[in-house]
Amino acid sequence: MLKAVILIGGPQKGTRFRPLSLDTPKPLFPLAGRPLIAHHIEACVQLPELKEILIVGYYPQTQMEAFVGDMQALYSSSNINIRYLQEFTSLGTAGGMYHFRDQIRAGNPRAFFVLNGDVCADFPLQELYDFHTRRPSSALVTIMSTEATRQQSLHYGCLVFDRASGAVSHYVEKPSSYVSTFINCGVYVCSMDIFTQLAQIFHAHGLEYGCAGFSNGNGNGNGRDQGHIKWEQEVLTPLAGTNQLFAMPVPNWWSQLKTAGSAIYANRHYLGLYKRTHPERLANVGSKRGEGDGNLICTVLPDVYVHPSATVHHSAVLGPNVAIGPGVTIGPGVRIKESIVLEQAQIHDHTLILHSIVGRGSTIGAWARVEGTPSDPDPNKPFAKMENPPLFNNEGKLNPSITILGCFVQVPAEKILLNSIVLPHKELSRSFKNEIIL
């Protein structure tokens, strides 16, 4: 038997994803019509031996229970148990695993997967597990790795490994100088003996905090619990060079969802994966000649997802890379490209939306233009990943990015919104360019 653990953090995380995370937890943000971690779950259920998926984080139970119920119902025929385990406080990237060690070890699984909740990928989980089982019995963790550019590698965990055996000899999280172009993807297979390592770290924290005068063991002077364990720094780095840590490089697409701009990029790739895995989820492609042309919703350029409850006028043009959420209304002559439109939004006649995310329940008036700047990886650099620049440049000006409308924003007719971010519940009265509307 196998299990999977999906680490999703909590409300204090994902601040760079605002304003989209203000009304929807980042792990539940829809990409290609499905919540972010639903793609993780879908990859996990493909494994015939996997029997339980544990989602670990410190979002309130009330924010996650509807999603977990939906997933449990969706995969009821697979006999897979899906649960959310809420941490009592932020326990770091490994503290939650140790805290819920009894739930992970229940049923005596042979191994378990660990997936970071903010990664997007074509997850090769079966190949990763097969690779792990072929390693020596000393192997505790196998990392899924990919290649980045030399400069971008500094923003990730970097690893040096033997290309023949996969043994990792050196691991540094976000190094200050170049180590390797091979980076950690945040997807792992762990042997059950990893809990021995976690226990040693936990007890070392107890001794350290006790010696520092914190006899109750509940703090370290930084407001952290004794159970707060950093997976990368406290587990992976010491394991490197001991023949217990291995890496499997993969050519598959991979990205992180750090900023709202990276959502458009991830949406495109998940839509592209549907062509191979679930073509029925994509809208039929072609030019709609009239209302009587029944095969097409409207004119569609690949790839496009339209929720069945959305209403789209036959004269609209959607695509490429568009996801339309539940209950959305799209009027005549609307053009949408490289964008995500969330549930219950209303897009009125002849509006143009490019490189943007339209928030839940927002309304855009007729003949308006909502446009952002694409922030895709440089296509001329091999292995380039998404850049996640800060919101402002060194001069204090807003960096060009996609345009984002928070939930329930109203954009009047015939107005232009360019490279701007609008916080929820705003009623705009004029056009904006390169601004944050608070």
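Above this text you will find the structure in question.
First things first, this report covers the structure right here in the doc. (Residues numbered from 1 in each chain as written. Predicted model: local features only at pLDDT ≥ 70, side-chain atom pairs only at ≥ 80, totals over all residues. Heavy atoms only, no water.)

A word on the overall build of the chain. From N to C terminus, the chain includes eight helices and 32 strands. The C-alpha atoms of the chain give a radius of gyration of 23 Å, which matches the 22 Å a tight globule of 438 residues would have. Structurally, the chain occupies a C-alpha span of about 70 × 50 × 45 Å along its principal axes. In the chain, buried positions account for 54% of the 438 residues. In the chain, of all internal contacts separated by at least 6 residues, the share reaching a separation of at least 24 is 58%. Per element, the accessible surface of the chain, about 18,700 Å² overall, is 50% carbon and sulfur. Side chains of the chain give 36 positive and 35 negative charges; the mean places of these two sets differ by 3 Å. (Helix = DSSP H or I, 4+ residues; strand = E, 2+ residues; numbered from the N terminus. Rg over C-alpha atoms; globule rule 2.2 N^0.38 Å. Buried < 20%, exposed > 50% of the residue type's maximum accessible area, 1.4 Å probe, protein only. Contact = heavy atoms within 4.5 Å. Areas by Shrake-Rupley, 256 points an atom, 1.4 Å probe, with all protein chains shown as cover. Lys, Arg positive; Asp, Glu negative; His and termini not counted. Charge placed at Lys NZ, Arg CZ, Asp CG, Glu CD.)

In this section: the sheet that holds strand S32 (residues 436–437). Strand order across the open sheet formed by seven strands is S15-S18-S21-S24-S27-S30-S32, with parallel pairing between neighbours. Looking at strand neighbours, the two that pair on one side only are strand S15 (304–306) and S32, the edges of this open sheet. When strand S27 (residues 403–405) meets strand S30 (residues 421–422), the two strands line up parallel, connected through two bridges. Each residue of the ladder has a partner; that of Ile404, found in S30, is Ile421. Taken strand by strand, helix H8 (residues 260–277) contacts S15, strand S18 (322–324), strand S21 (339–341), strand S24 (356–358) and S27, and its axis lies near 95° from that of S21. (Pairing = 2+ DSSP bridges. Axes fitted to C-alpha atoms, helices over the stretch in contact; angles between N-to-C directions.)

Let's shift gears to the nonpolar core. Counting 74 residues, the largest nonpolar core has Leu31, Ile41, Ile53, Ile55, Phe67 and Phe113 as its most contacted members. The biggest single contributor to this core is H8, with nine residues. Filtering out sequence-adjacent residues up to four positions away, Phe67 remains in contact with Leu28, Pro35, Ile37, Ala38, Ile41 and Ile55. One finds Leu85, Ile104, Ile201 and Val235 within the second-largest nonpolar core, a separate group that totals 36 residues. (Core = buried A, V, L, I, M, F, W, Y, C linked by side-chain atoms within 4.5 Å.)

What follows is about the environment of Pro30. By secondary structure assignment, the location of Pro30 is in strand S2 (residues 30–31). Once the C-alpha coordinates of Pro30 and Arg276 are considered, the two residues, 246 residues apart in sequence, prove to be 20 Å apart. For Pro30, the residues in contact, after removing those within four places along its chain, are Pro35, Ile340 and Leu342.

Another point: the pattern of salt bridges. According to the stated counting rule, one finds 12 salt bridges in the structure shown. A salt bridge links Asp23 to Arg360; its shortest N-O distance comes to 3.0 Å. With Asp23 in the loop between strand S1 (2–9) and S2 and Arg360 in the loop between S24 and strand S25 (363–364), the pair connects residues that are 337 residues apart, well separated along the chain. Residue classification places Arg360 among the partly exposed positions, given a relative accessible area of 25%. Here Asp118 makes a salt bridge to Lys258, at a shortest N to O gap of 2.8 Å. Of this pair, Asp118 sits in the loop between strand S6 (111–116) and strand S7 (119–121) while Lys258 is found in the loop between strand S13 (254–256) and H8, placing the two residues 140 residues apart along the sequence. Bridged by salt links that share partners, the residues Lys3, Glu52 and Arg83 form one connected network. (Salt bridge = Lys/Arg side-chain N within 4 Å of Asp/Glu carboxyl O.)

Further remarks concern the sheet that holds strand S23 (residues 352–354). The sheet built from seven strands is open, its strands ordered S14-S17-S20-S23-S26-S29-S31 with parallel pairing. Sheet topology places strand S14 (299–300) and strand S31 (432–433) at the edges, where each strand pairs with a single neighbour.

What follows deals with the side chain of His228. Looking at the element boundaries, His228 is found in the loop between helix H6 (194–211) and helix H7 (231–239). Leave out the neighbours within four places in its chain, and His228 touches Ser90, Leu91, Gly92, His205 and Glu234.

This part takes up the environment of Pro35. The residue Pro35 is located in strand S3 (residues 34–35) in this model. In this structure Pro35 comes out as partly exposed when scored by relative accessible area, which is 21%. The spatial distance from the C-alpha of Pro35 to the C-alpha of Pro136 is 37 Å, given a sequence separation of 101 residues. When neighbours within four sequence positions are excluded, Pro35 is seen to be in contact with Pro27, Leu28, Phe29, Pro30 and Phe67.

Turning our attention to H8. Along its 18 residues, H8 runs 25 Å from first to last C-alpha, staying within 8% of the 26 Å computed at 1.5 Å per residue. The set of residues buried in H8 consists of Ala260, Gly261, Ser262, Ala263, Ile264, Tyr265, Ala266, Asn267, Tyr270, Leu271, Leu273 and Tyr274. (Expected span 1.5 Å × (residues − 1).)

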